[in-house]
Amino acid sequence: MGDWNMGLGTLRESVLSKLADLLDNPNCGWRQLADAVNKQPQFRCSEKELIGCSVQVLSARGSPSRLLLAKLADRACSLGFLLQCLKKIEHREAVQYLTTIVMEQIRITVQPQSQLVPEGDRVVLRCQAIGFPVLGYQWFKGKEEVPHGSAPDLILNHISPNQQGYYICRVNHGDSFVFSQWAQVSVAMPGNSRSGSGLCIIQQPRNVTIAERDCLFLECRAEGNPPPQYQWYHNKQPLLLATATSKPSLEIRAVTTADRGKYSCRVYNLYHEVWSEQVHVEIGPGSLSWDDDDEVRGFPPARQLSHFYATDKVALLMGNMNYQYHRQLRAPMADVHELTNLLRQLDFKVVSLLDLNRQEMHSAVTEFLLLLDRGVYGLLYFAGHGYENYGNSFMVPIDAPASYTSEHCLWVQDVLQRMQERETGLNVFLLDMCRKRNLNDDIIPQPGPLKVTANIVFGYATCVDAEAYEVNKDDLSNGIFISFLKTRLLAEEKVTVMLDRVAEDMGQCEITRGRQALELRSNLSERRALTDRIQSSDCPVATSARNLQWAIAHVLPESRFLLFECGVKVQLGFAAEFSNIMIIYTRILDQPQDIISCTAQLSDFSEGVDVDLKLTNQETPQDAGSLLFTLETVDRPEVPRLYTRLRALQRLKKELKFTVCLHYQYSNMDEEVHEKQTVTVGKPLVAKLNLHEPRLPRSFSASSSSDLHTFSIPESSSFPEGLESSVLASETSSLGSASTCWSYFSQTGEAAGNVKQVNVPEETFSPEFLDSDQPQPLYADCKSLPHDRLEDLSAQFRTKQNFHSC
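Below you will find a few notes about this structure. (Residues numbered from 1 in each chain as written. Predicted model: local features only at pLDDT ≥ 70, side-chain atom pairs only at ≥ 80, totals over all residues. Heavy atoms only, no water.)

## Details of the sheet that holds strand S38 (residues 673–680)
- On the basis of which strands lie adjacent, the open sheet formed by three strands has the order S35-S37-S38 and antiparallel pairing. Edge positions in the sheet fall to strand S35 (595–603) and S38, since each of these pairs with one other strand and no more. Sheet twist, expressed as the average angle between the axes of neighbouring strands with direction ignored, equals 20°.
- Relative to S38, strand S37 (residues 657–666) runs antiparallel, the two being bridged by eight bridges. The partner of Val660 across the bridge, within S38, is Gln677. (Pairing = 2+ DSSP bridges. Helix = DSSP H or I, 4+ residues; strand = E, 2+ residues; numbered from the N terminus. Axes fitted to C-alpha atoms, helices over the stretch in contact; angles between N-to-C directions.)

## A few points about the environment of Met669
- Looking at where Met669 falls in the secondary structure, it is placed in the loop between S37 and S38.
- Residue classification places Met669 among the partly exposed positions, given a relative accessible area of 32%.
- With 73 residues separating them along the chain, Met669 and Ile596 place their C-alpha atoms 9.9 Å apart. (Buried < 20%, exposed > 50% of the residue type's maximum accessible area, 1.4 Å probe, protein only.)

## Quick word on the sheet that holds strand S23 (residues 376–383)
- Ordered in space as S22-S21-S23-S27-S28-S31, the six strands form an open sheet in which the pairing is mixed. Strands with a single pairing partner mark the edges of an open sheet, and in this sheet they are strand S22 (349–354) and strand S31 (519–522). Strand after strand, the sheet turns through a mean of 10° between neighbouring axes, direction not considered.
- Bridge count between strand S27 (residues 426–432) and strand S28 (residues 456–460): five bridges; the pairing is parallel. Counterpart to Leu430 in the pairing with S28 is Gly459.

## A short note on helix H12 (residues 495–508)
- In this model, H12 (14 residues) spans 20 Å end to end at C-alpha, consistent with the 20 Å of a helix rising 1.5 Å per residue.
- Tucked into the core, H12 has its buried residues touching S27, S28, helix H11 (480–485) and S31. (Expected span 1.5 Å × (residues − 1). Contact = heavy atoms within 4.5 Å.)

## Notes on the pattern of salt bridges
- Inspection of the entire model under this criterion finds 19 salt bridges.
- Residue Glu282 pairs with Arg260 through a salt bridge whose shortest N-O separation is 3.1 Å. Of the two residues, Glu282 is situated in strand S20 (residues 279–283) and Arg260 in the loop between strand S17 (249–252) and strand S18 (261–268); the sequence distance between them amounts to 22 residues.
- Since its relative accessible area comes to 33%, Arg260 is described here as partly exposed.
- For Arg521, the salt bridge goes to Glu519, with nearest N and O atoms at 2.9 Å.
- Relative accessible area serves as the criterion here: at 31%, Arg521 is assigned to the partly exposed category.
- For Glu519, a relative accessible area of 18% translates into the label buried. (Salt bridge = Lys/Arg side-chain N within 4 Å of Asp/Glu carboxyl O.)

## Some details on helix H10 (residues 412–420)
- In terms of burial, H10 is a largely internal element, nine of the nine residues being buried.
- For H10, every residue scored as buried is listed here: Val412, Gln413, Asp414, Val415, Leu416, Gln417, Arg418, Met419 and Gln420.

## Structural notes on the packing of helix H2 (residues 30–37) against helix H3 (residues 47–54)
- Where H2 meets H3, the axes come as close as 11 Å, and the angle between the chain directions of the two elements is 160°. In this view, H2 runs roughly antiparallel relative to H3, as classed from their interaxial angle. The element H2 and its partner H3 pack so that their crossing is right-handed. Listed contacts from H3 to Trp30, Arg31 and Ala34 of H2 are Leu50, Cys53 and Ser54.
- For the contact of H2 with H3, the per-class residue count stands at four nonpolar, one polar and one charged. (Parallel < 35°, antiparallel > 145°, perpendicular 65-115°, else oblique. Left-handed = near helix turned anticlockwise from the far one by under 90°. Nonpolar A, V, L, I, M, F, W, Y, C, P; charged D, E, K, R; others polar.)

## Concerning the environment of His326
- Its location among the elements puts His326 in the loop between strand S21 (312–319) and helix H8 (331–345).
- Given a relative accessible area of 5%, His326 falls into the buried group.
- Once the C-alpha coordinates of His326 and Pro401 are considered, the two residues, 75 residues apart in sequence, prove to be 8.4 Å apart.
- Reaching out from His326, the side chain makes a polar contact with the backbone oxygen of Ala400 at a distance of 3.3 Å. (Polar contact = N/O pair within 3.5 Å; in protein donor to acceptor, adjacent residues only side chain to side chain.)

## Remarks on the packing of aromatic side chains
- Applying the stated criterion to the full structure yields ten aromatic pairs.
- With a centroid separation of 5.8 Å and 35° between ring planes, the pair formed by Phe605 and Phe658 is classed as tilted. Of this pair, Phe605 sits in the loop between S35 and strand S36 (642–646) while Phe658 sits in strand S37; the two residues are 53 residues apart in sequence, bridging distant segments of the chain. Each member of the pair, Phe605 together with Phe658, is buried.
- Judged by centre distance (5.6 Å) and plane angle (85°), the ring pair of Tyr664 and Tyr666 falls under edge-to-face. Per residue, the accessibility class of Tyr664 equals that of Tyr666, and both read buried. (Phe/Tyr/Trp six-rings, centres within 6.5 Å; stacked < 30°, edge-to-face > 60°.)

## Some thoughts on the side chain of Asn617
- Of note, Asn617 is situated in the loop between S35 and S36.
- Relative accessible area serves as the criterion here: at 15%, Asn617 is assigned to the buried category.
- Sequence-distant contacts of Asn617, defined by excluding residues within four places in its chain, comprise Ala600, Gln601, Leu602, Leu642, Tyr643 and Thr644.

Right under this line is the structure:
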């Protein structure tokens with residue numbers, strides 16, 4: 001019996017990682033567990049600690065649940081209390097796993113094996129286990145304890161016939177114990193090698209629950225002389241599949257509900273025959289019940305299984321804030337950051353970009369299209385200025401002139417057409433922008449014909465001829481749309497149902513009613529959800545290309561260690577805030593005793609990268625201009641560092657180079673001494689994709705898989721170690737960044753001097769929600785702004801529209 005009073009920290013790392021995997025899910029996971037443990041004050045997590053958990057998704061191997069479990073372990077949380085909380089949130093899969101682990105805290109890693117040996121030989125039966133620092137071993141032959149059998153290895157010297165039989169080992173620690181498998185020891189008598197030995201099954205098949213189209217794998221292994229043969233049975237009928245005969249394993253690919261039932265295996269040789277245990281195989285789809293009887297029979301807990309799946313999930317998130325000729329926005333940064341965290345929890349490959357000009361937006365969409373393939377779920381989100389004319393929506397880049405037209409913007413319907421040609425499983429557009437008419441633009445572009453695919457979902461943050469608003473608080477802002485979307489996005493519902501609930505939430509909020517309403521357009525005919533599982537396609541080259549294209553946009557430079565002549569050792573660290581924004585920090589690792597002060601500052605950055613020199617080399621990320629990056633994401637945050645924030649990495653044309661200047665002072669000197677070193681770190685993050693370069697004309701009419709096989713690697717790209725070799729193994733495939741032309745303008749826009757009206761920045765206020773004496777603009781924190789709080793706020797709305805409405 002397990003000891004539930006043991007601390008959470010006594011669990012092995014593999015067990016904690018498995019628990020974290022089970023809790024890293026949107027429906028019933030670490031957030032619900034944090035709420036449950038908060039009932040006990042000593043285990044309560046602060047808002048800052050929860051934010052630190054949530055940002056773990058920004059790391060490739062980060063896990064919010066694993067960090068939460070570590071915090072609970074530090075606070076001496078017992079396994080019993082953890083189990084109680086898991087039961088409270090009804091996470092039955094985690095409950096069963098933890099119960100099994102604690103009841104079987106001792107895990108046998110090496111099982112004793114059956115052996116057939118000649119008389120007089122030496123036999124060694126080995127049983128090894130882990131789980132506690134000190135473990136006891138006790139060997140039995142049948143029900144009788146073996147004398148002196150108290151070690152992991154049971155040694156039988158000069159084996160005789162009276163020693164043959166079945167052996168088992170009991171591994172224990174206090175009241176906890178577990179038995180090994182049985183091992184049969186048989187003695188082959190001289191001159192009787194043809195007599196054969198009894199068969200012994202050493203590995204039994206197990207009950208399993210899987211979904212339709214998954215692979216069923218059962219295994220039964222036995223030992224004997226002559227070697228055993230196998231015949232698998234389904235519902236007591238022999239399986240005639242080639243894989244079901246003469247092999248110890250049974251494998252059925254792409255199972256259906258017809259494959260559910262009871263399975264067993266007949267093991268036989270020339271002299272003997274034995275049968276395996278009968279196991280039950282349950283096949284989805286649908287919601288499968290989980291009751292106590294299932295636990296008794298040993299069935300694994302069943303979760304709701306979706307009938308549909310994605311071959312992959314990719315998302316491009318673009319937020320434009322700092323416009324050159326139009327009113328600045330505040331919400332896109334927080335909105336893109338919030339949505340990035342949520343989509344990564346749903347296993348999306350996310351590229352997040354801020355402040356793109358027209359060329360960079362074109363190139364980013366082109367690269368995004370290359371990530372799409374047959375069956376992939378593609379999501380494109382844009383937050384910024386926008387407009388809609390004659391049913392055509394346009395996203396406005398930051399370099400759009402004061403009187404822009406469609407030729408200065410990105411045409412949403414054209415992007416949709418190109419997405420359709422990729423034969424995706426689901427296309428989701430989320431447009432968080434205004435949809436007012438642009439009186440400067442009378443061009444009516446004509447999109448090409450769309451395929452009839454019934455897989456398109458449009459979520460507009462506002463209605464036609466209406467504006468989208470920001471809610472402001474402190475230094476951060478959220479758009480109204482994301483403030484409501486983030487509370488629903490992780491729900492396991494059809495994507496249109498999820499967006500409908502967002503629309504209902506917005507309609508029930510007093511400050512948004514009559515001003516902004518979500519509009520949903522969809523031809524989705526299947527119950528596809530953003531939470532659908534990923535099942536890889538049968539084209540490994542296409543999958544590798546997609547993974548490479550995403551990965552090269554997210555490779556950070558490795559940490560550097562610089563040794564200066566004075567003996568000071570400096571570390572350079574790198575962190576990504578967005579795919580095109582990087583934070584560099586410096587810290588002093590070691591310095592001689594006669595140096596009383598020492599700092600390492602960065603300067604002389606490469607041309608193209610956007611750095612605010614007034615905000616470089618700051619003591620906190622916030623002082624360096626980062627409102628989202630927290631010290632919890634850095635190892636040992638208490639160690640002093642200097643932070644510098646680099647923006648617009650997509651405009652970096654050459655390798656990133658900068659100078660590290662060491663400022664230090666000796667104890668016997670009044671003057672400060674300087675030393676410099678130049679550092680080159682290549683092209684970090686999205687800089688490798690060269691989004692500043694125009695893309696060559698290219699047709700997307702070919703099949704998506706062939707496109708992925710034929711695009712070429714730009715010479716300036718630098719690939720992370722290990723990625724290139726995995727993709728370039730195919731002699732016929734060279735992978736990199738392809739190009740797409742944007743040739744949808746059949747008419748030329750009017751010259752800037754002949755426009756009918758100039759786009760004038762405008763702010764729209766809702767005075768009835770302001771204090772007439774002392775207006776208090778309210779900024780929404782991107783990390784936590786539940787929609788039910790909006791009704792309690794006196795808010796100043798700021799429209800994302802940047803020209804006068806009619």
